[in-house]
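Analysis of the macromolecular model
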Amino acid sequence: MDFKDQIKQLAERVSRLKDSIQTEEATKNAFIMPFLNALGYDVFNPFEVVPEFISDIGTKKGEKVDYAIMREVNGQPEPCMLIECKHWKQALTLHDNQLLRYFHVTKARFGVLTNGVIYQFFTDLEAPNRMDEKPFLEINMLDLRDNQIEELKKFHKSYFDVDSILSTASELKYTNQLKVLIQNELASPSEFFVRHFAKQVFTGQMNAQRLEYFTGLVKKSFQQSFSDQIKDRLTTALTKEQETPAAISVEVATSIEKREPAVITTAEELEGFYIVRAILRPVISPERIVHRDAQSYFAILLDDNNRKPLCRLNFNGQKKFITLFDEAKKEVRQEINSLNDIFDHSEALLSTLATYGIN
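This is a predicted model, so every value here is computed, not measured.

Basis of the calculations
Residues numbered from 1 in each chain as written. Predicted model: local features only at pLDDT ≥ 70, side-chain atom pairs only at ≥ 80, totals over all residues. Heavy atoms only, no water. Helix = DSSP H or I, 4+ residues; strand = E, 2+ residues; numbered from the N terminus. Buried < 20%, exposed > 50% of the residue type's maximum accessible area, 1.4 Å probe, protein only. Contact = heavy atoms within 4.5 Å. Areas by Shrake-Rupley, 256 points an atom, 1.4 Å probe, with all protein chains shown as cover. Pairing = 2+ DSSP bridges. Axes fitted to C-alpha atoms, helices over the stretch in contact; angles between N-to-C directions. pLDDT = per-residue confidence, 0-100. 1 Å grid on protein atoms, 1.4 Å probe; cavity = no way out; pocket = protein on both sides within 12 Å on 5 of 7 lines; lining within 4 Å. Points joined across faces, edges and corners; volume = space filled by probe spheres on them. Expected span 1.5 Å × (residues − 1). Arc of directions from axis to C-beta. Polar contact = N/O pair within 3.5 Å; in protein donor to acceptor, adjacent residues only side chain to side chain. Salt bridge = Lys/Arg side-chain N within 4 Å of Asp/Glu carboxyl O. Parallel < 35°, antiparallel > 145°, perpendicular 65-115°, else oblique. Left-handed = near helix turned anticlockwise from the far one by under 90°.

Here the focus is the overall build of the protein chain. The helix and strand inventory of the protein chain stands at 10 helices and 11 strands. Counting every position in the protein chain, which comprises 359 residues, the buried fraction comes to 38%. Within the protein chain, counting contacts between residues at least 6 apart in sequence, those at least 24 apart form 49% of the total. For the protein chain, the exposed surface amounts to about 21700 Å²; the carbon and sulfur share of it is 50%.

The structure is reproduced here in structure tokens:
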């Protein structure tokens, strides 16, 4: 069973059992410990998961955080993620929470606040060693989204990489906050929002009566605009399905064949490049890993040398592939479903690097 299926199965369990869970301890046993297990951690191994983790803070001795996820660094276990738990019916709030106090006195880079239904992931994007007040990622087990599962997968024991997570944490945090603001404005437009659009179509004085009038119009206009976009996309999709190769003229087909497409480096290719860099960073300086884009593939090279390929990313078709190289530099093409799957090929990438005398 792959990671996505495990998380979805756990989500079904949460939905089915939550009403029978009466205590915080039961929430931990029924929901949170299985969640940590799905992330690849052995909850019964104290070198991986430490329950009731203690780190004395100033005059406050013996305060505990519910769980600390441990990683071995230079032969010594260190906390990399702190988890504070609540009963599933409790609202999540950071006010006077141990996570805030523990975060800056341990080496953990991530804090998780959860009630077994909602998981909020925090880090220190705004000020070093000081945990942000708002999470950069929130997972609701009763409303799972595929893109969120992909982000959650980065916390799996097999893929955990601080730099990789932090590289997208800032974008995730502010994108999620902007989405909430936009949704709120569309559901109930604020005066500022209404005035912004109204003044571009109405030149008269904006009194209370006209503001109320335009509030309804703005809300209605956005709803109609989204409906029109959906309708246009459906119409376009249906039209493409009905088209046949015969409908394309010989002249157009010839023109397409002769046209030389420009090489465009996509954000997805660059993200894949940074993932490869993160994988190889423990054994080589990232600056030595470079990329060259071509029309049919995106090459990642050692020392900007075509004779030292590390891999190629083939993202131009309907399916995504990563092309790896064995000891004889023979190409081995592997299909991937998402960028996170690149981490599954870490061993092969390290082996390729070793063929150039770096290990």
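Our next topic: the sheet that holds strand 8 (residues 298-302). Spatially, the five strands line up as an open sheet ordered 7-8-9-10-11, and their pairing is antiparallel. Every interior strand has two partners, whereas the edge strands, strand 7 (289-293) and strand 11 (331-336), have only one. Going across the sheet, the axis of each strand differs from the next one's by a mean of 20 degrees, ignoring polarity. Inspection of the sheet shows strand 7 paired to strand 8 by five bridges, in the antiparallel sense. Counted as the bridge partner of R292 is A299 from strand 8. Lying over the sheet, helix 9 (residues 267-280) contacts strand 7, strand 8, strand 9 (309-314) and strand 10 (320-325), oriented at roughly 155 degrees with respect to strand 7. Against the sheet, helix 10 (residues 346-354) engages strand 8, strand 9 and strand 10, with an angle of about 140 degrees to strand 9.

The next point concerns the confidence of the model for the protein chain. Here the protein chain shows a mean pLDDT of 84. Residues at 70 or above account for 90%. For the protein chain, the element scoring lowest by mean pLDDT is helix 8 (residues 250-258), at 48; helix 2 (residues 24-38) scores highest, at 95.

A few words on empty space enclosed by the protein. Empty pockets left among the atoms are what a rolling probe the size of a water molecule brings to light. Evaluated as defined, the whole model comprises one cavity of 30 Å³ or more. Put simply, the largest cavity is a space of about 40 Å³. Considering the residues around the largest cavity, the lining is formed by I32, F35, L36, L39, M81, I83, V112, T114, Y119 and F121. Those elements that provide at least two residues to the lining of the largest cavity are helix 2, strand 3 (76-85), strand 4 (110-114) and strand 5 (118-122). Per-element accounting of the lining of the largest cavity gives the leading share, three residues, to helix 2.

Right, let's talk about helix 1 (residues 3-17) for a bit. Taking 1.5 Å of rise per residue, 15 residues should cover 21 Å, and helix 1 covers 21 Å from first to last C-alpha, within 8% of that figure. Turning to helix 1, its buried residues are F3, I7, L10, A11 and V14. Along the long axis of helix 1, the arc covered by the buried residues comes to 105 degrees, so they all point the same way. What points out from helix 1, more than 90 degrees from its buried face, is the exposed set E12 and R16.

A few words on the side chain of E48. Tracing the chain through its elements places E48 in the loop between helix 2 and strand 1 (49-54). Note on E48: relative accessible area 13%, which makes it buried. In this structure the side chain of E48 is engaged in a polar contact, spanning 2.5 Å, whose partner is the side chain of K157. When neighbours within four sequence positions are excluded, E48 is seen to be in contact with G40, Y41, D42, A68, I69, M70 and K157.

Before going further, it helps to examine the pattern of salt bridges. The full count for this structure, using the stated rule, is 20 salt bridges. Between K18 and D19 there is a salt bridge; the shortest N-O distance is 3.5 Å. For K18, a relative accessible area of 17% gives the class buried. Given the relative accessible area of 55%, D19 is considered exposed. The residue R281 makes a salt bridge to D163 at a minimum N-O spacing of 1.7 Å. Of this pair, R281 sits in the loop between helix 9 and strand 7 while D163 sits in helix 5 (residues 162-187), and the two are 118 residues apart along the sequence. Given a relative accessible area of 45%, R281 falls into the partly exposed group. Each of E24, E25, K28 and D66 takes part in one network of salt bridges that share partners.

A few words on the packing of helix 1 against helix 4 (residues 146-153). Where helix 1 contacts helix 4, the two axes come as close as 10 Å, and the packing angle between them is 110 degrees. With respect to helix 4, the element helix 1 is oriented roughly perpendicular. Crossing of helix 1 against helix 4: the hand is right-handed. Contact with helix 1, carried on its side by F3, K4, I7 and K8, involves D146, I149, E150, L152 and K153 of helix 4 and no other residues of that element.

What follows concerns the side chain of D161. Note that D161 resides in the loop between helix 4 and helix 5. A polar contact of 2.8 Å, which involves the side chain of D161, links it to the backbone nitrogen of S164.

Before going further, it helps to examine the environment of F35. When you line up the elements, F35 lands in helix 2. F35 has contacts with I7, L10, Y119, F121, M141 and L152, leaving out every residue within four places of it along the chain.

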